[in-house]
Amino acid sequence: MDTDLTRTDIIKYCIKRSGHVCLRGVNLSGLDLSNLKLALFDLSHACLKNVILSGACLEGANLEGANLEGANLKGANLRRANLKGANLKGANLQGADLHAVRHLEEAELDGANLVGAFT
């Protein structure tokens, strides 16, 4: 399945944005979005399967209902992100900052690597 946007497209959103960026329901599966600042992005119900988000800043991002199965979130900043109903099966959250994450208890975490993740 082809993605809706490329890494370059996302970087353009990061540079141009003046406030809230809505990528609700967009397919970004398999993209390398490592080390990008995606704070406050609305990625609700997006397909982020196998996405590389290591070192990314997702502070305050809306990931409600997002499919992050197999995603690499190693060392990512997820402070105050909304994970209600997010699918994180098999995701790598090693060393991720989960401080004040909202609805973590409602996320699907089967097989997720949470070693070194902190809240």
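Rules and cut-offs
Residues numbered from 1 in each chain as written. Predicted model: local features only at pLDDT ≥ 70, side-chain atom pairs only at ≥ 80, totals over all residues. Heavy atoms only, no water. Helix = DSSP H or I, 4+ residues; strand = E, 2+ residues; numbered from the N terminus. Rg over C-alpha atoms; globule rule 2.2 N^0.38 Å. Buried < 20%, exposed > 50% of the residue type's maximum accessible area, 1.4 Å probe, protein only. Contact = heavy atoms within 4.5 Å. Areas by Shrake-Rupley, 256 points an atom, 1.4 Å probe, with all protein chains shown as cover. Lys, Arg positive; Asp, Glu negative; His and termini not counted. Charge placed at Lys NZ, Arg CZ, Asp CG, Glu CD. Salt bridge = Lys/Arg side-chain N within 4 Å of Asp/Glu carboxyl O. Polar contact = N/O pair within 3.5 Å; in protein donor to acceptor, adjacent residues only side chain to side chain.

J.: I would appreciate a short explanation of the overall build of the chain in the present structure.
T.: Helix and strand content of the chain: one helix and zero strands. Scaling as 2.2 N^0.38, a compact globule of 119 residues should have a C-alpha radius of gyration of about 14 Å, and the chain matches this with 13 Å. When the backbone C-alpha atoms are referred to their principal axes, the chain occupies close to 35 × 30 × 20 Å. A total of 119 residues make up the chain; the buried ones form 43% of that total. Restricting to contacts in the chain with at least 6 residues of sequence separation, those with at least 24 account for 10%. Of the roughly 5800 Å² of accessible surface on the chain, 48% is carried by carbon and sulfur atoms. Positive and negative side-chain charges of the chain, numbering 13 and 13 respectively, have mean locations separated by a distance of 7 Å.

J.: I tried to follow unusual backbone geometry on my own but got confused; where do I start?
T.: Phi is positive for histidine 45, close to 60°, though the residue is something other than glycine. Classification of histidine 45 as partly exposed rests on a relative accessible area of 41%. One non-glycine residue, alanine 100, adopts positive backbone phi at about 60°. Mapped onto the fold, alanine 100 is located in the segment after α1 (7-16).

J.: What should I look at first to understand the side chain of aspartate 42 in this one?
T.: Its place among the elements puts aspartate 42 in the segment after α1. For the buried residue aspartate 42, which engages in no salt bridge, the nearest side chain bearing the opposite charge is arginine 24, 4.9 Å off. Within the local environment of aspartate 42, its side chain forms a polar contact with the side chain of serine 44, the two groups lying 2.6 Å apart. In contact with aspartate 42, other than residues within four places in its own chain, are His20, Val21, Cys22, Leu23, Arg24 and Asn62.

J.: Sorry if this is basic, but what is going on with the pattern of salt bridges here?
T.: Here the idea is simple: oppositely charged side chains can pair when their charged atoms come close. Following the criterion strictly, the structure yields three salt bridges and no others. Between glutamate 59 and arginine 80 there is a salt bridge, with the nearest N and O atoms lying 2.2 Å from each other. Of this pair, glutamate 59 sits in the segment after α1 while arginine 80 sits in the segment after α1, and the two are 21 residues apart along the sequence. Accessibility expressed as a relative area gives 22% for glutamate 59, which makes it partly exposed. Accessibility expressed as a relative area gives 40% for arginine 80, which makes it partly exposed. The salt bridge partner of aspartate 97 is arginine 79, with a shortest N-O separation of 2.6 Å.

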